[in-house]
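Chain and residue survey
Here is how the chains run, residue by residue.
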Amino acid sequence: MQVYADNAATTRISDAAKQEMILCMDEFYGNPSSLHTIGQKAAEKLFEARKTIAQCLNADVKEIYFTSGGSEADNQAVLSAAETGKLKGKKHIISTAFEHHAILHTLKKLEREGFEITYLDVHENGLVTAEEVKAAMREDTALVTIMYANNEIGTIQPIREIGAVCREKGIPFHTDAVQAIGHVKVDVQADNIDFLSLSAHKFHGPKGVGVLYARKGMRLFNLIEGGAQERGRRAGTENIPAISGMAVALKDVCDHMEENEKKVSALRDILIEELSKIPHSVLNGDREQRLPGTVNFCFEGIEGESLLLLLDAKGIAASSGSACTSGSLDPSHVLLALGRPHEVAHGSLRLSIDHYNTEEEIRYITEKVPEIVDYLRNISPVWEELEKGERAHVI
Ligand SMILES: *Cc1c(COP(=O)(O)O)cnc(C)c1O
């Protein structure tokens, strides 16, 4: 059996999005900036996509900026708010220690330029509170950037409350919502969001395309200079097939949000229930405040990489931590932020499922994971020491 359980890394493109892309390549190949009919037909497609996406977020079309993906949107949001703050003498930013690297590395760059960053500690349940955000605010705070849902463990932050304290203090609020969009209901107005990043390939759209939502009145600075596309804020001829494919994919998941959420969270609960039965295992992140499809477990005495390879041999595609770091042997920065010890942070397994998965696939996973964990523990000298009591269990 082949089971794809790595949807937090990327998703396969939906048939509807793929068909839409082919249609755009065949029939809407014009440059939307051209004045002739072929160009204007492409411009209409672009506008349609913008309208669809704005509706899904409860935003205005003028607040949607197309980008090359989540990373670019994150970079532009953070750097824009930093630049705006700097012009007013504000050089302090609040974030968390477990953001995606698109945020963390951008913040590191700003630190080198003299910005001061407060990285809020994440509780063991993978959450921060609005009160903690409020307590970290200063006169010179230029931005609060906190992810909607974490890509490694799937916890959902209290975004609406955090947005409310930012509004109250007049501090711009950005959220990296790449893992949330298309999986849970996000409403930029109700959630008090000023900037938001999303990426199409995390909800069955194409790769290499995303959106930066910037609320009216929020100033954007350009990462890319050139033509006047995206109201002068992001130059480059628009990728109509990708943008339109993204809009079709987003509308599809937004139209079926409730039923997908119900189906996927029921499957996720089977995973949690069954994998929790493995001795010396722990679910990372809050049990309730989480995405419908993402679970992350630590199994004591297990190397994440070995577990992944053996799962792969059984046809199960999963991940340990984030795809961006799983090539390295560093323990996950997210699990370290939760306070998991180094030796445990190495041994994590992320399973990210969605509405493309079936119960049969989930049962296959819950059969194979315990078998492999058992096998690995049996051949592990560390496990032998733990069993003999020569070493203390940490989980
Ligand atoms: C995938 C991801 C990104 C990066 O998006 P790309 O479109 O791949 O650049 C950023 N943030 C989070 C939380 C993600 O999961």
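One structure accompanies this document, and this report is about it. What you see as residue numbers is a count from 1 along each chain, following the sequence as written. For this predicted model, a pLDDT threshold of at least 70 governs which residues receive local features, and a threshold of 80 or more governs which side-chain atom pairs are given and counted, while totals over whole chains, interfaces and linings are taken from all residues. Excluded from the side-chain calculations are hydrogens and water; all other atoms, namely the structure's heavy atoms, are used.

Description of the packing of helix α9 (residues 257-275) against helix α13 (residues 359-378)
Inter-axis angles, ranging from 0 to 180 degrees, are taken between N-to-C directions of lines fitted to C-alpha atoms, where helices are fitted over the stretch in contact. For helices the rule is a DSSP run of H or I covering at least 4 residues; for strands it is a run of E covering at least 2, with both sets numbered from the N terminus onward. Where α9 meets α13, the axes come as close as 10 Å, and the angle between the chain directions of the two elements is 15°. Here α13 runs roughly parallel to α9, going by the angle between their axes. Between α9 and α13 lies a crossing of right-handed hand. Along the contact surface, α9 presents Leu-267, Ile-270, Leu-271, Glu-274 and Leu-275, while α13 presents Glu-359, Ile-362, Arg-363, Ile-365, Thr-366, Val-369 and Pro-370. Here the residues of the contact of α9 with α13 sort into eight nonpolar, one polar and three charged. Orientation categories follow fixed angle ranges, with anything under 35 degrees roughly parallel, anything over 145 roughly antiparallel, 65 to 115 roughly perpendicular, and all other angles oblique. Each helix crossing is assigned a hand: it is left-handed if the near helix lies turned anticlockwise from the far helix by less than a right angle, otherwise right-handed if that turn is clockwise. Working rule for contacts: check all heavy atoms of both residues, and any pair within 4.5 Å makes them a contact. All amino acids are sorted into three groups, where Ala, Val, Leu, Ile, Met, Phe, Trp, Tyr, Cys and Pro are nonpolar, Asp, Glu, Lys and Arg are charged, and the leftover types, Gly among them, are polar.

With respect to the site of the ligand
Near residues are defined by distance, with any heavy atom within 4 Å of the molecule or strand qualifying the residue. Near the ligand you find 13 residues, and of these Ser-71, Asp-176, Gln-179, Ser-199 and Lys-202 are the closest. Under this definition, polar contacts are N or O atom pairs within 3.5 Å; protein pairs additionally need one hydrogen-donor-capable and one acceptor-capable atom, and for neighbouring residues in sequence, both atoms have to be side-chain atoms. Contact distances for the ligand include 2.7 Å between a nitrogen atom and a side-chain N or O atom of Asp-176. Within the contact set of the ligand, an oxygen atom lies 2.7 Å away from a side-chain nitrogen or oxygen of Gln-179. To be clear on the numbers: accessible area is Shrake-Rupley with a 1.4 Å probe, and residue cover counts the displayed protein chains and nothing else. Considered on its own, the ligand offers 380 Å² of accessible surface; in the complex 87% of this is hidden by protein. The element that contributes the greatest number of residues to the shell around the ligand is helix α3 (residues 70-87), accounting for three residues. Residue composition of the shell around the ligand, grouped by class: two nonpolar, eight polar and three charged.

Brief notes about the pattern of salt bridges
The term salt bridge refers to a pairing of a side-chain nitrogen on Lys or Arg with a carboxyl oxygen on Asp or Glu at a separation within 4 Å. Considering all chains together, one arrives at 23 salt bridges under this definition. Through salt bridges with shared partners, one network takes in Glu-20, Lys-45 and Glu-48.

Structural notes on the sheet that holds strand β7 (residues 195-199)
For two strands to be treated as a pair, DSSP must find at least two bridges joining them. Strand order in this open sheet of seven strands is β2-β8-β7-β6-β5-β3-β4, and the pairing throughout is mixed. Across the chains shown, the open sheet's two edge strands, defined by having one partner strand only, are β2 (64-67) and β4 (116-120). Neighbouring strand axes in the sheet, compared pairwise and without regard to direction, differ in orientation by 20° on average.

As for the environment of Val-248
Its place among the elements puts Val-248 in helix α8 (residues 240-255). According to the relative accessible area criterion, Val-248 is partly exposed, its value standing at 25%. With residues up to four places along the chain from it excluded, the contact list for Val-248 reads Ala-16, Ala-17 and Glu-20. Any residue under 20% of the maximum accessible area for its type is buried, any over 50% is exposed, and the rest in between are partly exposed; the area is computed with a 1.4 Å probe on protein chains only.

Notes on the sheet that holds strand β9 (residues 281-283)
Strand order across the open sheet formed by three strands is β9-β10-β12, with antiparallel pairing between neighbours. Strands with a single pairing partner mark the edges of an open sheet, and in this sheet they are β9 and β12 (348-352). Going across the sheet, the axis of each strand differs from the next one's by a mean of 25°, ignoring polarity. Pairing of strand β10 (residues 294-299) with β12, which is carried by five bridges, proceeds in the antiparallel orientation. Bridge pairing in β12 links Asn-296 to Arg-350.

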